[in-house]
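# Chains, contacts and geometry: an overview
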Amino acid sequence: DKMNLVITKASVIFENLHTLEIHHNRKNLGLVKHVTAAITEVFKNFQYIIVIEDDVVTSQNFFENMIHGFNVLKIHKMHGIVGAFSPLGLSRIRHLKNYWRITRYTPLWGWGCSKTIWDKYNYNLSQVNINKNLNKSEVWNQLTSFQKNIWLNRFYRSQENPFASWDMQFQYLINWMPF
């Protein structure tokens with residue numbers, strides 16, 4: 001099973017670190033409850049988390065790139081998440097140099113964040129005035145009308161059915177809410 005290989009690989013890479021804790025829930029809670037509960041549980045004991053979707057192939061330097069990303073955020077006193085893109089089909093290339101960049105889009109296949117960020121997350125946006133909050137955002141106001149319509153549609157669908165996805169709510173939080 002691919003997830004067991006990822007868990008084994010992470011254990012080997014991080015064997016010399018202070019702590020590595022892997023949560024692998026076998027009970028089906030549904031997407032939103034499972035993801036949010038698991039991440040919240042990890043943050044009871046740790047200040048940072050790296051999350052890998054179960055159908056993702058990671059590059060050999062994925063974890064090193066994630067740690068580098070956390071350090072970039074700290075150095076530049078930035079808030080956000082760290083994502084690491086692992087190109088598929090390029091396994092013969094041992095170490096691809098991943099340059100960091102700021103993006104308004106949240107890469108949620110392999111990502112990490114701090115407890116400070118996650119504590120502001122809520123999958124239930126039913127009581128949120130999405131338009132009012134977005135209009136205060138510098139990033140939001142730089143989008144075209146077309147882009148805004150696409151995102152508003154996604155955010156409103158998430159607001160109407162919070163158990164359909166967890167990632168649109170996270171996208172809303174990370175990219176358009178002030179910290």
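Going by the structure above, here's the rest.
Residues numbered from 1 in each chain as written. Predicted model: local features only at pLDDT ≥ 70, side-chain atom pairs only at ≥ 80, totals over all residues. Heavy atoms only, no water.

### Quick look at helix α3 (residues 62-75)
- Between its terminal C-alpha atoms α3 stretches 20 Å, which fits the 20 Å expected from 14 residues at 1.5 Å a residue.
- Every buried residue of α3 is listed here: Phe62, Phe63, Asn65, Met66, Gly69, Phe70, Val72 and Leu73.
- Looking one or two places after α3, you find lysine 77, whose phi comes out positive at around 50°. (Helix = DSSP H or I, 4+ residues; strand = E, 2+ residues; numbered from the N terminus. Expected span 1.5 Å × (residues − 1). Buried < 20%, exposed > 50% of the residue type's maximum accessible area, 1.4 Å probe, protein only.)

### Side note on the packing of aromatic side chains
- The final tally for this structure, using the stated rule, is twelve aromatic pairs.
- Seen from their ring centres, phenylalanine 62 and phenylalanine 63 are 5.1 Å apart, and the 80° between their planes marks the pair as edge-to-face.
- Accessibility expressed as a relative area gives 1% for phenylalanine 62, which makes it buried.
- Three or more aromatic residues link up through ring pairs in this structure, and these residues are Trp111, Trp118, Tyr121, Trp166 and Phe170. (Phe/Tyr/Trp six-rings, centres within 6.5 Å; stacked < 30°, edge-to-face > 60°.)

### Topic: the sheet that holds strand β1 (residues 48-52)
- The antiparallel open sheet is built from three strands, whose spatial order is β1-β3-β2. Of all strands in the sheet, those with a lone pairing partner are β1 and β2 (82-83), marking the two edges.
- Relative to the sheet, α3 contacts β1, β2 and β3 (110-114), its axis offset from that of β1 by approximately 140°. (Pairing = 2+ DSSP bridges. Contact = heavy atoms within 4.5 Å. Axes fitted to C-alpha atoms, helices over the stretch in contact; angles between N-to-C directions.)

### What to know about the pattern of salt bridges
- Overall, the coordinates contain two salt bridges when judged by the stated rule.
- Between lysine 115 and aspartate 119 there is a salt bridge, with its nearest N and O atoms 2.8 Å apart.
- Residue classification places lysine 115 among the partly exposed residues on the basis of a relative accessible area of 23%. (Salt bridge = Lys/Arg side-chain N within 4 Å of Asp/Glu carboxyl O.)

### Focus on the side chain of asparagine 133
- Mapped onto the secondary structure, asparagine 133 falls in helix α5 (residues 130-135).
- For asparagine 133, a relative accessible area of 18% corresponds to the buried category.
- Within polar-contact distance, the side chain of asparagine 133 engages the side chain of tyrosine 172 at 3.0 Å. (Polar contact = N/O pair within 3.5 Å; in protein donor to acceptor, adjacent residues only side chain to side chain.)

### A short note on helix α2 (residues 31-42)
- When the terminal C-alpha atoms of α2 are compared, their 17 Å separation across twelve residues agrees well with the 16 Å that a helix rising 1.5 Å per residue should span.
- All of the buried residues in α2 are Val32, Val35, Thr36, Ile39 and Val42. For α2, the arc enclosing every buried residue in end-on projection is 130°, short of the 170-degree limit, so these residues lie on one face.
- In this structure, the buried side of α2 is in contact with β1, β3 and α4 (115-118). (Arc of directions from axis to C-beta.)

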